[in-house]
Amino acid sequence: MSWYDRERDLESPAGVSECHEGCATKGSWDYALNRGARLAVDFDSGRYTFCFL
């Protein structure tokens with residue numbers, strides 16, 4: 001699982017967006033997709049995003 005909290009700019013796993021600066025895809029999304037995530041849940045237009053295997 002990965003997640004992103006836009007309000008506090010926190011993500012898990014920590015630091016996955018560091019190598020995605022300037023990219024359209026957030027690191028937490030890329031991390032999840034490359035590990036086989038099959039479900040993404042987006043709350044409040046991106047305020048919180050959770051990706052599950």
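Refer to the preceding data block for the structure.
A brief look at the structure comes next. (Residues numbered from 1 in each chain as written. Predicted model: local features only at pLDDT ≥ 70, side-chain atom pairs only at ≥ 80, totals over all residues. Heavy atoms only, no water.)

### Quick word on the sheet that holds strand β2 (residues 10-12)
Turning to step 1, where the next piece is worked out: Strand order across the open sheet formed by four strands is β2-β1-β4-β3, with antiparallel pairing between neighbours. Only two strands of the sheet have a single neighbouring strand rather than two, namely β2 and β3 (39-43). Averaged over all pairs of adjacent strands, the angle between their axes in this sheet comes to 5°, without regard to strand direction.
Turning to step 2, where the next piece is worked out: For strand β1 (residues 2-5) and β2, the ladder comprises three bridges, and the chain directions are antiparallel. Paired with W3 across the strands is S12, a residue of β2. (Pairing = 2+ DSSP bridges. Helix = DSSP H or I, 4+ residues; strand = E, 2+ residues; numbered from the N terminus. Axes fitted to C-alpha atoms, helices over the stretch in contact; angles between N-to-C directions.)

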